[in-house]
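Breakdown of the fold
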Amino acid sequence: MRALIQAEWTKFRTVPGWVIGMAIGGVLIVAFGLLPGIQGSCGQPGSGSECVLPVGPEGQEVSDGFMFVHRPLSGDGSITARVASMTGMLPPGPNDDKMREGVAPWAKAGLLIKDGTTQGSAYAAVMLTGAHGVRLQHNFVHDKAGKPGPPGSARWLRLTRTKEKITAEESADGTTWTTVGTVTLAGLPQTVQIGLFVTSPQHAEGANESLGSFGSYGGPTMATAVFDHVTPVGSLTGTRIGGPANKYADELGGFEETGEGVFTITGTGDIAPAVGGPAGIGASISDTLLGTFAGLIMVVVISTMFVTAEYRRGMMRTTLAASPRRGRVLVAKAAVVGAVSFVVGVLAAAVVITLGQKVLRDNGAYVHLASTATELRVIVGTGVLLGVTAMLAVGLGALLRRGTTAVTVAIVTTALPYLLVMSVLPPTAGQWLLRIAPAAAFSMQQSLVEYEQVANLYLPVDGYFPLSPLAGGAVLAGWAVAALVAAACFLRRRDA
Amino acid sequence: MIGALRSEWTKLRTSPGTIWLLLAVVVATVAVSAAAVAGTTCRWGGCDVDPARLALTGVQLGQAVAAILAVLVIGGEYGTGMHRITLTAVPRRGVVLVAKAVVVSAVIVAASAAAVAGSLLATRPLLRRNGLPALSMDDGGAVRAAVGSVLYLTLVALLALGVATAVRHSAAAIGAVLGLLYLFPIMAQAVSDEKWQRYLTKLGPMTAGLTIQATKHLTELPIAPWKGLGVLAVWSVGCLLAGGALLVRRDA
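For every chain, the first residue of its written sequence is number 1, and the numbers climb from 1 along that sequence. Each chain gets a letter, beginning with A, and each ligand a number, beginning with 1, in the order they are written. Totals for whole chains, interfaces and linings use all residues, but because this is a predicted model, local features are given only for residues with pLDDT of at least 70 and pairs of side-chain atoms are given and counted only at 80 or more. Processing note: side-chain calculations cover all non-hydrogen atoms of the structure and skip hydrogens and water entirely.

1. Quick look at the domain arrangement of chain A
Note the following rule: Segment limits for the domains were obtained from an automatic or database-derived domain assignment.
For chain A, the domain assignment lists domain 1 (2–40 + 282–493) and domain 2 (62–273). For domain 1 of chain A versus domain 2 of chain A, the distance between C-alpha centres works out to 44 Å.

See below:
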């Protein structure tokens, strides 16, 4: 086997076209990654316009904007209130220009305990949502469901602090209570802020879905909730956390005490991790890797030709005479070209990920933070994507034997689905295709995190893939194994 | 010249793959176009799709098949060594390439006319079923989209012929052509900066050329329809000239 790999490696390295082609593939990835494509953010062009997002207690960038009606709480204590009603406004549809009435599915009204009023500080909250029932959320990324219940129905809520533990309870009638859950906020100081809050997130919706065009529209929403039976009764102050995050903040973020323990509060914003896409902002580190598509085409063409060239020249007869165990020849070819492509992918991605982010930030674009582990996964994932696709191409080359047919089939199976998903297919069809096509492995480059509790259109175009990195890689590997096994069977049975 | 044309026509006519590839151009174009229209739904009633562009979506796949045919016209000869006989018989190499270009254009115009007509006919009832605006041939825009798509497919085939002449290897040539075509739309999509998006769309042979299919929002296009097709024509002529220059100067 070692001799075989050495033989195949010699064949590869002595054809200048292939070596140069692979190098060009890597250069393309780097060049497209460092192109000053995206410029400016937060509605302003050029450098110095970067959005600055607050960072949550667990290191994620977060949105933290809501109307908070609160009082300080020293030591242990609790607050109880009934959310009597929830109403709201949604952004206008594509064909009208007036706000529509309606509560956003993830509009939130409830009780909140927070470490001060600075954005991004630790908190725990129990809330009634527009369409997702009662939830217990804390520190931006954790979300626990309570009882669902019909939207719009009144609900009693209670939040109790015991040292660092926060317990949330809910009730339909104010007498029988069920516990939603208990969370621990490590390092919570003696004095915290406790009170009522209302917020309503950025809304995004698909306007039409068709091949060739996908329209989405959206904008800020607002919600108004009436709280009654607020106990203990006491003087509460209103603070708008997050400042005027959007155009409705000034006019709509407010509160009114309409009776003893009765408050009407209006808020807009979100208390959640920050996301990209239609309802979010900014670019991700994956955006710098858009040249992977170009590199992939190079790798596919060379890998296919690595096999078909032997058929064209009759070299295959020599190869198979030298090594009569034909399956092994195929494995050696796949190993050599796969390893070369892997190395090209890893090197190019490493350069792009380290330098590309800097280029984007220098342009003033906002780039979502990614952990070192995510960066490493994206870099290695790019290598795996190229390497395994190269092996798939080797299999297709050995199956089809004729260069033109094999290259076309290889490009149509590996690159075309990705192109169709990114440019013409409607999102539902695109997500379906990205579950079964070899292009599913592009999910290994995803760096943004999809949160169930954040309303957004999580689309492949914005860097959200339907499969997890591991599952996406497995789909591609499945294709490669299938192609190689089929090729090995045919290679053994067919005349050379 | 007549002799060269005749010999090229005979070679193309008698290659076993030609008729299948031409059929595949028609089938791929019509099938994808029909699927595109069938899969289009509009919420909110008034949906803003361009019916001509939608009904001719299949051109995006049909062009790959047209490119294969064009690549094989010259690449196949290099694969078998036939090109030496061809060049011995017609020593003026430029004439050989011109003859090939004429023959390829002729068959692709015929096949793509059938493909475009088939797409428009097949999508007519589907457009009505899905409540999309109908395409009327009285409208200048629709005629331009239909005629333009035929010219588009022909120009893509000529581009592929030029690339294959320069590369001399079918597999590498088809890889280069498909890369050239598909790269620009994906880059334009991935770059979120609007200035760069428009720039890439104007420059790419596929993105610029396909603006000929637009019948709505013409003022918002990065490049006007006929100008866009002109960009593709420049690519095609450029590739043919480069291929021709190499063919004349190089050893066979």
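There's more to say after this.
2. Focus on helix α1 (residues 2–14) of chain B
Residue and element names in this part refer to chain B. Rules: In DSSP terms, a helix is any run of H or I states spanning at least four residues, a strand is any run of E spanning at least two, and both are numbered starting from the N terminus. Expected span of a helix: the number of residues minus one, times 1.5 Å. Only protein chains enter the accessibility calculation, which uses a 1.4 Å probe; a residue is then buried when its area is under 20% of its type maximum, exposed when over 50%, and partly exposed in between. What the arc covers is the set of directions going from the helix axis to the C-beta atoms. Note on contacts: a residue pair qualifies if any of its non-hydrogen atoms lie within 4.5 Å across the two residues.
With 13 residues, α1 should reach 18 Å at 1.5 Å per residue; the first-to-last C-alpha distance of 18 Å fits that figure. Of the residues making up α1, those classed as buried are A4, E8, K11 and L12. For α1, the angular spread of the buried residues around the axis is 95°, confining them to a single face. Exposed and facing more than 90 degrees away from the buried side of α1 are I2, R6, R13 and T14. Among the structural elements, α2 (18–38), α4 (59–80), α5 (82–89) and α6 (93–129) are those in contact with the buried residues of α1.

3. Focus: the pairing of strand β10 (residues 165–171) of chain A
Residue and element names in this part refer to chain A. How we decide: Here, strands pair whenever DSSP counts at least two bridges between them.
Burial within β10 is extensive, with six of its seven residues counted as buried. Sheet topology note: the strand β9 (residues 155–162)/β10 ladder contains seven bridges and is antiparallel. Looking across to β10, one finds that T160 is bridged to T167. Between β9 and β10, which pair antiparallel in sequence order, lie two residues; one of them, K163, sits at a positive phi of approximately 55°. As judged from the six bridges shared by β10 and strand β11 (residues 178–184), these two strands associate in the antiparallel manner. When the sheet's bridge partners are listed, I166 is paired in β11 with V183. Linking two consecutive strands that pair antiparallel, namely β10 and β11, is a turn of six residues; a positive phi of about 85° is found at G174 within it.

4. Comments concerning the nonpolar core
Our working definition: Residue types Ala, Val, Leu, Ile, Met, Phe, Trp, Tyr and Cys, when buried and joined through side-chain atoms within 4.5 Å, form a set referred to as a nonpolar core.
Grouped together as the largest cluster of nonpolar side chains are 150 residues, with contacts concentrated most on F12 and F293 of chain A together with I108, Y152 and Y182 of chain B. Residues in contact with Y182 of chain B, not counting those within four places in the same chain, are F293, L416 and L419 of chain A together with Q60, Q63, A64 and M206 of chain B. Counting residues in each nonpolar core, the second largest holds 37 residues, with I113, V192, F263 and I265 of chain A among its members.

5. Notes on a nonpolar patch on the surface
Residues and elements named next belong to chain B. Let me state the cut-off plainly: Residues forming no salt bridge and having over 30% relative accessible area are the ones grouped into patches, like charges within 9 Å of each other and nonpolar side chains (Val, Leu, Ile, Met, Phe, Trp, Tyr) within 5 Å. Residue exposure ignores everything except the shown protein chains as possible cover, and the areas themselves are Shrake-Rupley values with a 1.4 Å probe. Salt bridge, as used here, is a side-chain nitrogen of Lys or Arg placed within 4 Å of a carboxyl oxygen of Asp or Glu.
On the surface, a nonpolar cluster with roughly 430 Å² of combined accessible area is contributed by M137, V143, V147, L151 and W226. Per element, the largest residue contribution to the nonpolar patch is three residues, and it comes from helix α7 (residues 140–167). Looking at where M137 falls in the secondary structure, it is placed in the loop between α6 and α7.

6. Brief notes about the pattern of salt bridges
Tallied over the entire structure, the rule returns 14 salt bridges over all chains. Between D228 of chain A and R82 of chain A there is a salt bridge, and its shortest N-O distance comes to 3.0 Å. Highlighted residues: D228 of chain A in strand β15 (residues 222–231) and R82 of chain A in strand β3 (residues 77–90), separated in sequence by 146 residues. Taking the shortest distance from any N to any O, the salt bridge between K100 of chain B and E77 of chain B comes out at 2.6 Å. Pair noted here: K100 of chain B is in helix α6 and E77 of chain B is in helix α4, with a separation of 23 residues, a long-range link. Each member of the pair, K100 of chain B together with E77 of chain B, is buried. In this structure, a network of salt bridges that share partners links the residues E8, K11, E310 and K333 of chain A.

7. Points about the packing of aromatic side chains
One pair of aromatic rings is described through two measures. These are the centre distance and the angle between the planes. All names here are of chain A. Applicable threshold: Only Phe, Tyr and Trp rings are paired, with Trp represented by its six-membered ring, and only when their centres lie within 6.5 Å; those with planes under 30 degrees apart are stacked, over 60 edge-to-face, the remainder tilted. Any Lys NZ or Arg CZ that is within 6 Å of a ring centre and within 35 degrees of that ring's normal is treated as a charge sitting over the ring.
Applying the stated criterion to the full structure yields eleven aromatic pairs over all chains. A centroid spacing of 5.9 Å and a plane angle of 85° characterise the contact between F66 and F197, whose relative ring orientation is edge-to-face. Remark: F197 occurs in strand β12 (residues 191–199) and F66 occurs in strand β2 (residues 66–74); sequence separation between them is 131 residues. F197 shares its class with F66; the two are buried. The lysine or arginine in question, K333, covers the ring of F306, its NZ or CZ lying 4.3 Å from the ring centre.

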